[in-house]
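# Summary of structural features
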Number of protein chains: 2
Amino acid sequence: MEAELKELLHDLESLNQSLPDPSHRASIDKLRLRVEHLTSLEMSGPVRRLKVQDMSAEVVDSNPYSRLMALQRMGIVENYERIREFSVAIVGIGGVGSVAAEMLTRCGIGRLLLYDYDKVELANMNRLFFRPDQVGMTKTDAAVQTLSDINPDVVLESYTLNITTVQGFETFMSSLKNKSFCPRKEGSGVDLVLSCVDNYEARMAVNQACNELNQTWMESGVSEDAVSGHIQLLIPGETACFACAPPLIVASGIDERTLKREGVCAASLPTTMGVVAGLLVQNTLKFLLKFGHVSPYLGYNSLKDFFPTMEMKPNPQCSNAACLERQEEYFLAKPARDAALKAKMEAEDLSATEVSLHADNEWHISVVDDNELDSMGAASTDALPEGLVRELPSADEPQKLPGSEPPLTSIDDLEDLRRQLDALNSN
Amino acid sequence: MEAELKELLHDLESLNQSLPDPSHRASIDKLRLRVEHLTSLEMSGPVRRLKVQDMSAEVVDSNPYSRLMALQRMGIVENYERIREFSVAIVGIGGVGSVAAEMLTRCGIGRLLLYDYDKVELANMNRLFFRPDQVGMTKTDAAVQTLSDINPDVVLESYTLNITTVQGFETFMSSLKNKSFCPRKEGSGVDLVLSCVDNYEARMAVNQACNELNQTWMESGVSEDAVSGHIQLLIPGETACFACAPPLIVASGIDERTLKREGVCAASLPTTMGVVAGLLVQNTLKFLLKFGHVSPYLGYNSLKDFFPTMEMKPNPQCSNAACLERQEEYFLAKPARDAALKAKMEAEDLSATEVSLHADNEWHISVVDDNELDSMGAASTDALPEGLVRELPSADEPQKLPGSEPPLTSIDDLEDLRRQLDALNSN
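Since this is a predicted model, take the numbers as computed values, not measurements. Here, residues in each chain are numbered from 1, in the same order as that chain's written sequence. Ligands are numbered from 1 and chains lettered from A, in the order in which they are written. The predicted nature of this model means local features are confined to residues of pLDDT at least 70 and side-chain atom pairs, given and counted, to a pLDDT of 80 or more, with totals for whole chains, interfaces and linings taken over all residues. The basis for every side-chain value is the complete set of heavy atoms in the structure, and neither hydrogens nor water enter the calculation.

### Overview of the overall build of chain A
Broken down by element type, chain A carries 14 helices and seven strands. Per-residue accessibility, obtained with a 1.4 Å probe over protein chains only, is compared with the maximum for each type, and a residue is labelled buried under 20%, exposed over 50%, and partly exposed between these values. Taken across its 427 residues, chain A has 43% of its residues classed as buried. Contact criterion: two residues are considered in contact whenever any of their non-hydrogen atoms come within 4.5 Å of each other. Intrachain contacts of chain A at a sequence separation of at least 6 include 62% that bridge at least 24 residues. For the accessible areas, the method is Shrake-Rupley and the probe is 1.4 Å, while residue cover comes only from the protein chains on display. With the model as given, the accessible surface of chain A reaches about 23,900 Å², and the carbon-plus-sulfur share is 54%. A run of H or I in DSSP becomes a helix once it reaches four residues, and a run of E becomes a strand once it reaches two; helices and strands are each numbered from the N terminus.

### Things to note about unusual backbone geometry
Residue and element names in this part refer to chain A. Its identity is not glycine, yet K290 carries a phi of approximately 55°, on the positive side. As for its position among the elements, K290 is in the loop between α9 (270–289) and β7 (297–301). At D305, a residue that is not glycine, the phi angle is positive and equals roughly 45°.

### Focus on the nonpolar core
Within the largest apolar cluster, 119 residues are counted, with the highest numbers of intra-cluster contacts made by Y80, I90 and L112 of chain A together with Y80, I90 and L112 of chain B. Filtering out sequence-adjacent residues up to four positions away, Y80 of chain A remains in contact with M55, L68, M69, L71, Q72, C107 and L289 of chain A. Throughout, nonpolar core names a set of buried Ala, Val, Leu, Ile, Met, Phe, Trp, Tyr and Cys residues whose side chains join them through atoms within 4.5 Å.

### Re the domain arrangement of chain A
Where interface size is given, it is often the accessible area lost as the parts come together that is meant. Considered domain by domain, chain A is made up of domain 1 (2–42) and domain 2 (71–336). These domain limits were set by an automatic method or by a database of domain assignments. Computed from C-alpha coordinates alone, the two centres of domain 1 of chain A and domain 2 of chain A are separated by 52 Å.

### Some remarks on the pairing of strand β2 (residues 111–116) of chain B
All names here are of chain B. With six of its six residues buried, β2 lies for the most part within the structure. By definition, two strands form a pair when at least two bridges between them are found by DSSP. In the sheet, strand β1 (residues 87–91) pairs with β2 via five bridges, with the strands oriented parallel. Looking at β2, one finds that A89 is bridged to L113. When the strands point away from the viewer and the path from the first strand over the helix to the second turns clockwise, the crossover is right-handed. At this point the chain moves from β1, through helix α4 (residues 97–106), to the parallel β2, and the crossover so formed is right-handed. Direction of pairing for β2 relative to strand β3 (residues 155–160): parallel, over a ladder of six bridges. Residue pairing in the sheet places D116 in a bridge with T160 of β3.

### Here we look at the relation of the copies chain A and chain B
Laying chain A over chain B is done by rotating through 179° and shifting 0.3 Å along the axis; what remains is an RMSD of 2.0 Å. Classification of the inter-copy transformation places it as that of a two-fold axis. Relative to the rotation axis, the C-alpha of V275 of chain A is the closest in chain A, positioned 2.2 Å from it. The copies were overlaid with a least-squares fit restricted to C-alpha atoms from residues scoring a pLDDT of at least 70 in each copy.

### What about the sheet that holds β2 of chain B?
All names here are of chain B. Within the open sheet, the seven strands sit side by side as β3-β2-β1-β4-β5-β6-β7. Their pairing is mixed. The sheet terminates laterally at β3 and β7 (297–301), the two strands that pair on one side only. Taken over all neighbouring pairs, the strand axes of this sheet differ in orientation by 15° on average, direction set aside. When strand β6 (residues 228–234) meets β7, the two strands line up antiparallel, connected through five bridges. What sits directly across from Q232, in β7, is Y297. The convention used is that axes are lines fitted to C-alpha atoms, helices contributing only their stretch in contact, and that angles between N-to-C directions extend from 0 to 180 degrees. Along the sheet, helix α6 (residues 166–177) makes contact with β1, β2, β3 and β4 (192–195), crossing β2 at roughly 175°. On top of the sheet, helix α9 (residues 270–289) reaches β1, β4, β5 (217–222), β6 and β7; it is set at about 170° to β5, its chief contact.

### Quick look at the sheet that holds β7 of chain A
Residue and element names in this part refer to chain A. Judged by pairing direction, the sheet is mixed, and its seven strands sit side by side in the order β3-β2-β1-β4-β5-β6-β7 without closing on themselves. The two strands at the open ends of the sheet, each matched to only one other strand, are β3 (155–160) and β7. The mean angle between the axes of side-by-side strands here comes to 15°, regardless of whether they run parallel or antiparallel.

### Describing the interface of chain A and chain B
Counting from both sides, the interface comprises 90 residues of chain A and, opposite them, 90 residues of chain B. Here chain A and chain B share an interface that buries about 8,000 Å² over both sides, 68% of which is from carbon and sulfur atoms. Within this document, salt bridges are pairs made up of a side-chain nitrogen of Lys or Arg and a carboxyl oxygen of Asp or Glu, the two lying within 4 Å of each other. Residues R34 of chain A and D11 of chain B are paired through a salt bridge, measuring 2.7 Å at the closest nitrogen-oxygen approach. Elements represented by at least two residues in the side of chain A that touches chain B include exactly α1 (2–18), α2 (25–44), α3 (66–73), α4 (97–106), α5 (139–150), α9 and β7 of chain A. Top contributing element to the side of chain A that touches chain B by residue count: α9 of chain A, with twelve residues. Buried area: the accessible area, evaluated with a 1.4 Å probe, that two parts lose upon being put together, summed over both parts.

### Examining the packing of aromatic side chains
For any pair of aromatic rings, the description rests on two quantities: the centre-to-centre distance and the angle between the ring planes. Only rings of Phe, Tyr and Trp enter the pairing, Trp through its six-membered ring, and a pair is recorded when the two centres are within 6.5 Å. The plane angle decides the type: under 30 degrees is stacked, over 60 is edge-to-face, the rest tilted. Using the criterion set out here, one finds 13 aromatic pairs over all chains in the structure. Where Y300 of chain B meets F307 of chain B, the ring centres are 5.3 Å apart and the plane angle is 15°; that geometry is what we call stacked. The residues Y300 of chain B and F307 of chain B share a single accessibility class, namely buried. Put simply, the rings of Y115, Y159, F169 and F172 of chain A pair up and form one aromatic cluster. Of note, R337 of chain A hangs over the ring of Y330 of chain A, and the distance from its end group to the ring centre comes to 3.6 Å. Remark: a charge is flagged as sitting over a ring if the NZ atom of Lys or the CZ atom of Arg is within 6 Å of the ring centre and within 35 degrees of the ring normal.

### Re the side chain of Q327 of chain B
Residue and element names in this part refer to chain B. Among the secondary structure elements, Q327 is positioned in helix α10 (residues 321–332). For Q327, a relative accessible area of 13% corresponds to the buried category. The contacts of Q327, once residues within four sequence positions are left out, are G237, C244, P314, N315, P316 and C318.

### Brief notes about the environment of D61 of chain A
Structurally, the position occupied by D61 of chain A is in the loop between α2 and α3. With a relative accessible area of 46%, D61 of chain A lands in the partly exposed category.

### Quick word on helix α7 (residues 200–213) of chain A
Residue and element names in this part refer to chain A. Relative to the 20 Å expected for 14 residues at 1.5 Å per residue, α7 spans 20 Å between its end C-alpha atoms, a close match to the ideal helical length. Residues of α7 that are buried include every one of A202, R203, A205, V206, N207, A209, C210, N211 and L213, and no others. Residues of α7 that are buried make contact with β1 (87–91), α6 (166–177), β4 (192–195), β5 (217–222) and α10 (321–332). The opening residue of α7, the one whose side-chain oxygen lies 3.2 Å from the backbone nitrogen of E201, is N199. Phi turns positive one or two residues past the end of α7, at N214, with a value near 55°. Take the residue count of a helix, subtract one, and multiply by 1.5 Å to get its expected span. Think of a polar contact as two N or O atoms within 3.5 Å of one another; within protein, one of them needs to be a possible hydrogen donor and the other a possible acceptor, and neighboring residues in sequence only count if both atoms come from side chains.

Shown next, in the form of structure tokens:
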């Protein structure tokens, strides 16, 4: 439409120059102003929200972060605003990856790196995120369009490439290494990689990159029948990598593309993919913002609403050389890790003794020493005003029953008790 | 923009009439054509997908239903296309309700009824669905705008009202009773009501309506600290209703609005709400399309990734009169229910004996009678070509060791074995 308006302006100028009478200039000028106004309207597009300098906890309708900053007040997260420092790479912007990207964008993540080579099709409309008017665009372009409208504060980097090609893998690696967003960060340039791809070849490529870079990542997947899925945390050297216990198809070296039959497609549901994306990004938030328990593996069986969990140790015979190097490093770093853990626990013990446990004592409860209680004398607490006697015995002293039998408290041991019982029985 | 283009056209006409020289008419005509073209572009809006007459399972990129119809091929759903006959009412179009509506829309549900009285705010942008350019619109209008773009096949009805007011409740009731979409349907005009509201008063209103109409519904909720949630199935008379075991705040008759403090808001996360919406709509699909196990209650504790389940029977002392009526009806219908169940099980037993279990026998496995095997003779299967002898014994016969000891097979009982062992030990 912009181009059309430009041509309109051009034609108007031609007409202007061909008009001999200057009296018409005013009319032409008016027309030109109208067209320029239309152009500015077209350029501005729909109403967009402005960038926000700092995340505020203020409870007003115009604050897009109030409900997130409330996580601090609720005691869930210590420092929510730290989310702006983090970079997350999402590989595969399909049914799971696109929703994961939207969730992180709405949470105000610092930077997102998006990787996909595919285009949006009408056949993708049964999952969340993409719209029919984006059909034909690359998934990365369509995602950037939607995400930048939702939250202009997020830095978006889009890579329209296939990470399983030589060139694609190189670009993938160098983009992960780029530290310009947060130069003081240790390790690679991203805090987490999320794998949201739909084939094993791409998963093996992510696995290779993350093992080489010693990069923590999370894997996700949804079954071909659309009714189950899983997420998994992979820390090179510490947990199993994707090659440590590969799926049968990978281990047997069959090209999975030969298994896909013409005219047959996998089923998919927005529900299963939405749940898997939600569990994946929840685990991501717990990992980055340090709250709750980060799940090493979480499955989702929707037919039975069953959620299996497990942990997988690395395989010392893993076929991936970089994995074996990370395992070796992790093993060698054990003494340092143990020492750090011990120091941390000691520091926590120390601070626990220093800080009082119950700072605000609403009910004025105080601890009284046993000896102090004795010196106060039981009589003093039980004291009655002069002239009054108790009708019933005090609950605190053993009740002395009337009669000749010795009181129960005089029985010294079990043998005595047995003898007394025998005597009673023989009567 | 449309109005601006109209004025531009008008000014152009004025200029045309003021021009004395007809030689300029051609230029003016050209300009007019350009403006008309711009107007038609503006009117058409973004590319929209056309309505689809029938759901097709054809695997082409342009088919928005191919991945859903694949659920039939995968053996998950018997008849996916039935989804077009169903009507679902969603009360509360917030963080859970809007995502539930989008999922059902993308699944191609027949008809959605949407209820909310609230407006979209920037403070809602930390959850999925609404966009910043919709700020100020009612949630129902914004939802209809987005959902009709995503899937024009879905019939959308929007009710901008508060169901806890007298007038709102009446409109809510009559909209649920309206059967014009599917006149032959039994009961009310909707197949399921989904409660996605954020307060108890509205839940009690949904409960009242569903108890009165004998309407099955599902309830959902997310905690104030944003890290847990639940979904629950409520069948009047059969399961507990919302008043059977009310939350303490409802039972004690405290107005919950007095508990909400000024300047304090509940936390919320797109992850938790996305997961709860996904579990809710998954349960809805299982309920409507009859597959898998429909969960009576499913909780989600995101800090521990724990998913509690339970069942709740109705309370015979429930404070809700309509609930007690439904309980009575359910009790009285027990003999009929038992008879129907018995007939169904007998029919299934009958069909199971008639239908062969393994119709396609890819490996040509057949069952052979034991006697038949004997008559075939072991020798015949082990037969060797003339002139050949076996070097090693056949694996099927017990190996006869050389020497004087009786073969193991001659030992009749344990006593014999013990005696032999003793003899060996005494040597």
